[in-house]
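Residues per chain are reported as follows:
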Amino acid sequence: MTPPRTPAAVLWDMDGTLVDTEPDWIAAEHELVADHGGTWSDEHALNLVGNDLMDSGRYIAEHSGIALQPAEIVEQLLDRVVVRMTASVPWRPGARELLAELRAAGVRCGLVTMSYERFVVPILDELPEDTFEVVVTGDRVSPGKPHPEPYLKAAAALGVDPAQTLAIEDSNTGARSAESAGCTVLVVENHVPVLPGERRVLVHTLEGMTMADLPTPGAPRQ
């Protein structure tokens, strides 16, 4: 029996996948909109999971009734959520452990997130310095997810073929981005349901998962 092929790299989404920051983003959206006299709902908030931040800013400006420009909305949301992350990082079950195992085994890892660099820094500060060889943030790519550009940029920076990489995602938006780039996608559903797809393997949690449990990039789905 041929052993599973190790991915050339594992590319991690952050919000909702590595850390459970979505409740903080949703709370920040409600606070921001209320402070500026608008209205907001959890339904609207969940529509933004995994999105490029400027796309989210435009959506909030359009649907909340507040008189702020999208860029102002993004910066004010970041101000609020960075404070929360500086106080405590809400790791997703099993994510940090799997990440540590991958790095100990010499598997190259990258972070591909639509959050901006100043939001990512407090989270990276909680990890060993060499955890991610490449970090792609939302303020360094255009367009963002669901476009494939973020994952293509990460694979190019690592010098690997996207088809030989495994992406770990929690949203349809992120899965579409990784899938379009050619990655195999391990989907860990969190706050929103994710549709099945040819390159997608859906699991309920990373808790207890090891390298041996990871899908093989490029292998046909069962």
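Preceding this section is the structure that the text describes.
Rules behind the numbers
Residues numbered from 1 in each chain as written. Predicted model: local features only at pLDDT ≥ 70, side-chain atom pairs only at ≥ 80, totals over all residues. Heavy atoms only, no water. Buried < 20%, exposed > 50% of the residue type's maximum accessible area, 1.4 Å probe, protein only. Helix = DSSP H or I, 4+ residues; strand = E, 2+ residues; numbered from the N terminus. Arc of directions from axis to C-beta. Contact = heavy atoms within 4.5 Å. Salt bridge = Lys/Arg side-chain N within 4 Å of Asp/Glu carboxyl O. Phe/Tyr/Trp six-rings, centres within 6.5 Å; stacked < 30°, edge-to-face > 60°. Axes fitted to C-alpha atoms, helices over the stretch in contact; angles between N-to-C directions. Parallel < 35°, antiparallel > 145°, perpendicular 65-115°, else oblique. Left-handed = near helix turned anticlockwise from the far one by under 90°. Disulfide = S-S within 2.5 Å.

**Student:** Where do I start with helix 5 (residues 95–104) in this structure?
**Tutor:** Two residues of an α-helix separated by three or four positions point the same way, owing to the 3.6 residues in each turn. Within the sequence span of helix 5, burial applies to A95, L98, L99 and L102. Looking straight down helix 5, one finds its buried side chains confined to an arc of 100°; they lie on one side. When the buried face of helix 5 is taken as reference, the exposed residues oriented beyond 90 degrees from it are E97 and A104. Looking at the buried residues of helix 5, the elements they touch are strand 1 (9–12), strand 2 (109–112) and strand 4 (165–169). Phi turns positive one or two residues past the end of helix 5, at G106, with a value near 80°.

**Student:** Teacher, can you tell me more about the pattern of salt bridges here?
**Tutor:** Between side chains of opposite charge, a pair can form as their charged atoms come close. Tallied over the entire structure, the rule returns 12 salt bridges. For the salt bridge of D55 with R58, the shortest nitrogen-to-oxygen distance reads 2.6 Å. With D55 and R58 both in helix 3 (residues 53–64) and three residues apart, this pair spans about one turn of that helix. Taking the relative accessible area as the measure of exposure, D55 reaches 33% and is therefore partly exposed. Its relative accessible area of 42% is what places R58 among the partly exposed residues. The structure contains a network of salt bridges with shared partners spanning D24, E31, D35, R80 and R84.

**Student:** I tried to follow the environment of V83 on my own but got confused; where do I start?
**Tutor:** Within the secondary structure, V83 sits in helix 4 (residues 70–87). Classification of V83 by relative accessible area gives exposed; the value is 57%. The spacing of V83 and F119 is 36 residues in sequence and 9.1 Å in space, taken between C-alpha atoms.

**Student:** Just to check I follow, could you spell out unusual backbone geometry for this structure?
**Tutor:** The bulk of non-glycine residues show a negative phi, and the bulk of peptide bonds are trans. Each neighbour pair has its own omega, and for S142 with P143 the value is 5°, a cis peptide bond. In this fold, P143 is placed in the loop between strand 3 (134–136) and helix 7 (149–158). At the junction of K145 and P146, the peptide bond is cis and its omega measures out at 15° in the coordinates. You can see P146 is positioned in the loop between strand 3 and helix 7.

**Student:** Teacher, can you tell me more about the packing of aromatic side chains here?
**Tutor:** Within a pair of aromatic rings, the relevant descriptors are the distance that separates the centres and the angle that separates the planes. Under the definition given, this model contains two aromatic pairs. Here W40 and Y59 contribute two aromatic rings whose centre-to-centre distance is 6.1 Å and whose plane-to-plane angle is 85°, an arrangement assigned as edge-to-face. Note that W40 is positioned in the loop between helix 1 (22–35) and helix 2 (42–46) and Y59 in helix 3, a separation of 19 residues in sequence. One exposure class covers both W40 and Y59, and it is buried.

**Student:** When you look at the packing of helix 7 against helix 8 (residues 172–181) in this model, what are you seeing that I'm missing?
**Tutor:** Helix packing for two helices is described by the angle between their axes and how far apart those axes are. As a packed pair, helix 7 and helix 8 sit with axes 7 Å apart at the nearest point and diverge in direction by 50°. As far as their axial angle goes, helix 8 and helix 7 are oblique. For the pair helix 7 and helix 8, the crossing hand works out as right-handed. Counting all contacts with helix 7, which are made through P150, Y151 and L152, the residues of helix 8 involved are G174, S177, A178 and A181.

**Student:** I tried to follow the state of the cysteines on my own but got confused; where do I start?
**Tutor:** Put plainly, two cysteines are in a disulfide when a covalent bond ties their sulfur atoms together. Applying the stated criterion to the full structure yields zero disulfides. No disulfide involves C109; its sulfur sits 13 Å from the nearest other cysteine sulfur, which is in C183. For C183, a relative accessible area of 0% corresponds to the buried category.

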